[in-house]
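Single-letter residue listing:
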2 protein chains.
Amino acid sequence: MGTNRSPTMRDVAVCAGYSTATISRVLNNDPRVAEHTRNRVMVCMKKLGYRVNPIARSLKTSRTHTIGILSPEFQNDFFMSAAEGIENYLRANGYISFICNSRENPEEEAELVRMMIEKQVDGIIIIPASSRGGEHYQLLRELEIPYVLVDRLIDGLEADAVLTDNFRGAFTAVERCILGRAGNIALIGGPLDITSARERTEGYRAAMEKYGKAIVEELIVCGDMHVESGYRLMGELLRQDPQLQYVFIINLFMRIGAEKYLLEHKSARDIRIAAFDESAISPLFTHTWVTVRQPLSRIGAQAARLLLRRIQNDNLPFPQVYRETPEIITHS
Amino acid sequence: MGTNRSPTMRDVAVCAGYSTATISRVLNNDPRVAEHTRNRVMVCMKKLGYRVNPIARSLKTSRTHTIGILSPEFQNDFFMSAAEGIENYLRANGYISFICNSRENPEEEAELVRMMIEKQVDGIIIIPASSRGGEHYQLLRELEIPYVLVDRLIDGLEADAVLTDNFRGAFTAVERCILGRAGNIALIGGPLDITSARERTEGYRAAMEKYGKAIVEELIVCGDMHVESGYRLMGELLRQDPQLQYVFIINLFMRIGAEKYLLEHKSARDIRIAAFDESAISPLFTHTWVTVRQPLSRIGAQAARLLLRRIQNDNLPFPQVYRETPEIITHS
DNA sequence: TGTAATAATGTAATCGATTACATGGAGCAG
DNA sequence: CTGCTCCATGTAATCGATTACATTATTACA
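My aim in this report is to walk through the structure given alongside it, one point at a time. (Residues numbered from 1 in each chain as written. Chains lettered and ligands numbered in written order. Predicted model: local features only at pLDDT ≥ 70, side-chain atom pairs only at ≥ 80, totals over all residues. Heavy atoms only, no water.)

### Looking at the pairing of strand 5 (residues 160-164) of chain A
Residues and elements named next belong to chain A. Test applied: When accessible area is computed with a 1.4 Å probe and restricted to protein chains, residues below 20% of their type maximum are described as buried, those above 50% as exposed, and intermediate ones as partly exposed. The helix and strand labels rest on DSSP assignments: H or I over at least four residues marks a helix, E over at least two residues marks a strand, and numbering proceeds from the N terminus. Any two strands with at least two DSSP bridges between them are considered paired.
Counting buried residues in strand 5 gives 5 out of 5 residues, a clear majority hidden from the surface. Sheet analysis places strand 4 (residues 147-150) next to strand 5, joined by 3 bridges and oriented parallel. Residue pairing for strand 5: Leu-149 is matched across the bridge by Ala-161. Pairing of strand 5 with strand 11 (residues 321-324), which is carried by 4 bridges, proceeds in the parallel orientation. When the sheet's bridge partners are listed, Val-162 is paired in strand 11 with Tyr-322.

Next up, the structure:
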């Protein structure tokens, strides 16, 4: 039992009585090999348990069949759902993925992009840590390495992207509330320099306008997307209008804060919440009315598909921006 | 502006007037290069923007500086926290990681292990999809590819592993309750073929015994770790003993179910919950008393460290099993 | 001054694939 | 029978590094 160096093309060649060139041709489905040699070679490959060495192959072809994925946060269901969608699609298509954590930090993101370039990934999917861009995008452009943005756009950057149709999600959710005979609907929005927050806010306004609802500016407040601000803003809104019954909240974390406020202040009153996002938590929400469910794994798959098409040089017009329609759920 | 093929060692060699061997020596900090040549070479590398091609290097050294990580679920904060800890440590040490999703499926896990072997990872960290093992563990052993288990052990498999000290976490949490003058403490446990569930249950029993508390078998129920069973079992326990005040729940999801039951049945009564795990949800829990916080990112880092030591052939005794002590938090 | 030891660098094989080009034989037209 | 095409396969260079071994220059010491 000698050291089991794993078999190479050369071993297969010897076993089958051909040259390595032929083995390689069989491997790559080159039509110029005779049927019977193909068979003979395949038998040998099976017998020896031959598996191609992707590293040697990559060195020659400069393709790694490897994709980089950058996520700003690992402990975030949304990002990870998208990552899951991406990974599924890629793996089903013979690609494997490096997933790295940019820790919401644009500089780390840039560093990771450099690292991935060095590792010679064939393409990158980025869930951006910031909507403010950075030199790495230019680097990717220069080196002609395809990349696709997910969930967020970058201001002033033309790039392929796949994201939720935030406007439509917000619009439809608010419309549902209105059609469900909601009165004043307050809004807990987010920083307007975050694209998605801005779009959701616009969706809210558009729906209100379409149905001739007066937009009360006092009932529109902006948080920072985190739990605490949801808590605080819910309080402010109720102080503003103690009769308030309907609130639209643009993300999960602020919504958690709002629910918490309601719990603690025994306002188990008739407040009904419409909001973006769902998660394992949702069963504990007590004021759920309408939920906007982002099609995250579809977004991920779509992004992966787009990236692979770019890699295979499908020459699609550039850039491609897909906005996936969210699902709106009305709870009894 | 010709096509910018990125510079190779050969280019640097020409630029500096040495052979590629010397360039390589500089790159690998070989002490046998003269100081001034080292400097000259470094200047050239900088000037040309040279970066070593890790693929070519890997082909020769058969080391990829790449680690595979298998997680059973991407949308699970626990696994992803551990993955984050792993990734941090690895990256800080010059390694990069493939993270793949075994989808709680042992067969996919095995397939992924094969894929990673093919990609020639230097080692693998596995959060097992099942505690029942599989041929891939043997394969890894045969090929002498180091691997470390995280969070779960595999029955009958001697392997390096890093996990929470489940027994101690449960023991200490229950002890806290007892010392906090809790009366009967019920238990919502899990399937006994899951190591962690079993250990936590044992911790509970041990604490009860130590303080001479009668263990009422009717107040010990087992769920399947999911939300629904928590919901159902909370109901059963309350029917069993309507006076029940204290419950120890061994994981987050069943705990969510339990809280949901309490919410819906207005049992805002004096029920206090001790439980494993925390998450973004925790602010919405209304019966929190004692929480066992698993040191997930430390576990991840520890696993990564152990793996790298194995790779560097630290010859530690085999196997190493680390049980990390959880943090017990008592809420006011 | 001669020679051995040592230090700095070069030469060339190698890792395991891919692929442009070369080769040899079969089939066919004139 | 000659010459041309086509088909299956082989030869050998190549991708970009690493490294055993060879070579040369330098120093040290008898």
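### Describing the interface of chain A and chain B
By a frequent convention, interface size equals the accessible area lost on bringing the separate parts together. To keep things clear, this is the line we draw: Should any heavy atoms of two residues lie within 4.5 Å, those residues are considered in contact. We define buried area as the total accessible area lost by two parts upon association, computed with a 1.4 Å probe and summed across both. The salt bridge criterion pairs a side-chain nitrogen of Lys or Arg with a carboxyl oxygen of Asp or Glu, the two atoms within 4 Å.
Across the boundary between the two partners, chain A contributes 46 residues, which contact 46 residues of chain B. Both sides together, the interface formed by chain A and chain B hides about 4600 Å², and carbon and sulfur atoms give 65% of it. Put simply, chain A and chain B have 4 salt bridges between them. For the salt bridge of Arg-51 of chain A with Glu-118 of chain B, the shortest nitrogen-to-oxygen distance reads 3.1 Å.

### A word on the relation of the copies chain A and chain B
Each of the two chain copies can be generated from the other by rotation about an axis followed by a shift along it. As a reminder, the rule being used: Superposing the copies works by least squares over the C-alpha atoms of residues that have pLDDT at least 70 in both of them.
Screw-axis analysis of chain A against chain B gives a translation of 0.0 Å along the axis, an RMSD of 0.0 Å, and a rotation angle of 180 degrees. On the angle and the small slide along the axis, the relation comes out as a two-fold axis. Proximity to the rotation axis, assessed at the C-alpha, singles out Phe-98 of chain A in chain A; its C-alpha lies 2.3 Å from the axis.

### Focus on the packing of aromatic side chains
The line we're drawing: By convention, a stacked pair of Phe, Tyr or Trp rings (six-membered ring in the case of Trp) has centres within 6.5 Å and planes under 30 degrees apart, an edge-to-face pair has planes over 60 apart, and any other such pair is tilted. The rule for a charge over a ring is simple: NZ of Lys or CZ of Arg within 6 Å of the ring centre, and within 35 degrees of the ring normal.
What the rule picks out here adds up to 13 aromatic pairs over all chains. Between Tyr-137 of chain B and Tyr-147 of chain B, the ring centres sit 5.7 Å apart and the planes meet at 45 degrees, which makes this aromatic pair tilted. A residue pair is termed long-range when its members are at least 10 positions apart, and Tyr-137 of chain B in helix 7 (residues 135-143) and Tyr-147 of chain B in strand 4 (residues 147-150) qualify at 10 residues. The buried category is assigned to Tyr-137 of chain B, whose relative accessible area is 3%. Here Tyr-246 of chain B and Trp-289 of chain B contribute two aromatic rings whose centre-to-centre distance is 5.5 Å and whose plane-to-plane angle is 40 degrees, an arrangement assigned as tilted. Taken together, the positions of Tyr-246 of chain B in strand 8 (residues 246-249) and Trp-289 of chain B in strand 10 (residues 288-293) put the pair 43 residues apart, joining distant regions of the chain. In this pair, the class of Tyr-246 of chain B matches that of Trp-289 of chain B, namely buried. Between Arg-200 of chain A and the ring centre of Phe-276 of chain A, over which it is positioned, the NZ or CZ distance is 3.8 Å. The side chain of Arg-272 of chain A reaches across the aromatic face of Trp-289 of chain A, ending 4.3 Å from its centre.

### Remarks on the sheet that holds strand 6 (residues 185-189) of chain B
All names here are of chain B. We apply this condition: In this analysis an axis means a line fitted to C-alpha atoms, helices contributing only their contacting stretch, and an angle means the value between N-to-C directions, from 0 to 180 degrees.
If you walk across this open sheet you meet the 6 strands as 7-6-8-9-10-12, and the pairing is mixed. Of all strands in the sheet, those bounded by a partner on one side alone are strand 7 (220-222) and strand 12 (327-330). When strand polarity is set aside, the average angle formed by the axes of neighbouring strands in this sheet is 15 degrees. For strand 9 (residues 272-276) and strand 10, the ladder comprises 4 bridges, and the chain directions are parallel. Among the inter-strand pairings, Ile-273 is bridged to a residue of strand 10, identified as Thr-288. Sitting on the sheet, helix 9 (residues 195-210) touches strand 6, strand 7, strand 8 and strand 9, and the angle it makes with strand 6 is about 165 degrees. Against the sheet, helix 10 (residues 227-240) makes contact with strand 6, strand 7 and strand 8, and its axis sits at roughly 150 degrees relative to strand 6, the strand it touches most.

### Re the side chain of Ser-81 of chain B
Note that Ser-81 of chain B resides in helix 5 (residues 77-92). Look past the residues within four positions of Ser-81 of chain B in its chain and what remains in contact with it is Gln-75 of chain A together with Leu-296 and Ser-297 of chain B.

### Thoughts on the protein's contact with DNA strand D
Short version of the rule: Consider each residue's heavy atoms; a residue with any of them within 4 Å of a molecule or strand counts as near. Definition of a polar contact: a pair of N or O atoms within 3.5 Å, with one able to donate and the other able to accept a hydrogen when the atoms are protein atoms, and with sequence-neighbouring residues admitted only if both atoms are side-chain atoms. Three classes are used, and their members are as follows: Ala, Val, Leu, Ile, Met, Phe, Trp, Tyr, Cys and Pro are nonpolar, Asp, Glu, Lys and Arg are charged, and the others, Gly among them, are polar.
Taken together, 26 residues are adjacent to DNA strand D, and Arg-25, Thr-37 and Lys-60 of chain A together with Met-9 and Ser-24 of chain B come closest. When the atoms of DNA strand D within 4 Å of the protein are sorted by group, sugar and phosphate make up 61%. The contact in question runs from a phosphate oxygen of DNA strand D to an N or O atom on the side chain of Ser-24 of chain B, over 2.6 Å. Here a phosphate oxygen of DNA strand D and a side-chain polar atom of Tyr-50 of chain B are 2.7 Å apart. Elements with a contribution of two residues or more to the surface near DNA strand D: helix 2 (20-27) and helix 4 (54-61) of chain A together with helix 2 (20-27) and helix 4 (54-61) of chain B. Among the elements that make up the surface near DNA strand D, the one with the highest residue count is helix 4 of chain B (5 residues). The class makeup of the residues in the surface near DNA strand D is 11 nonpolar, 9 polar and 6 charged.

### Digging into helix 2 of chain A
Residue pairs three or four apart in sequence face the same way in an α-helix, which turns once every 3.6 residues. Residues and elements named next belong to chain A. Heads up, the rule is: The arc under discussion is defined with respect to the helix axis, by the directions toward the C-beta atoms.
Taken together, the buried positions of helix 2 are Thr-22, Ile-23 and Val-26. Buried residues in helix 2, looked at end-on, bunch into an arc of 100 degrees, giving them a common side. Buried positions along helix 2 lie against helix 1 (9-16) and helix 3 (35-48). Asn-29 sits one or two residues past helix 2 and shows a positive phi near 55 degrees.

### Things to note about the nonpolar core
Let me state the cut-off plainly: Here the nonpolar core consists of buried residues drawn from Ala, Val, Leu, Ile, Met, Phe, Trp, Tyr and Cys, with membership extended through side-chain atoms lying within 4.5 Å.
Counting 48 residues, the largest nonpolar core has Ile-67 and Ile-125 of chain A together with Ile-67 and Ile-125 of chain B as its most contacted members. Mapped onto this core, the elements with two or more residues apiece are strand 1 (66-71), helix 5 (77-92), strand 4 and helix 12 (296-311) of chain A together with strand 1 (66-71), helix 5, strand 4 and helix 12 (296-311) of chain B. Counting 44 residues, the second-largest nonpolar core is a separate cluster that includes Leu-112, Met-115 and Leu-163 of chain A together with Met-116 of chain B.

### What to know about the protein's contact with DNA strand C
Lining the immediate surroundings of DNA strand C are 27 residues, of which Met-9 and Ser-24 of chain A together with Arg-25, Thr-37 and Lys-60 of chain B lie closest. When atoms of DNA strand C within 4 Å of the protein are sorted by moiety, sugar and phosphate together comprise 61%. Here a phosphate oxygen of DNA strand C and a backbone polar atom of Asn-53 of chain A are 2.8 Å apart. Here a phosphate oxygen of DNA strand C and a side-chain polar atom of Arg-57 of chain A are 2.8 Å apart. Mapped by element, the contributors of at least two residues to the surface near DNA strand C are helix 2 and helix 4 of chain A together with helix 2 and helix 4 of chain B. Per element, the largest residue contribution to the surface near DNA strand C is 5 residues, and it comes from helix 4 of chain A. Partitioned by chemical class, the residues of the surface near DNA strand C number 11 nonpolar, 9 polar and 7 charged.

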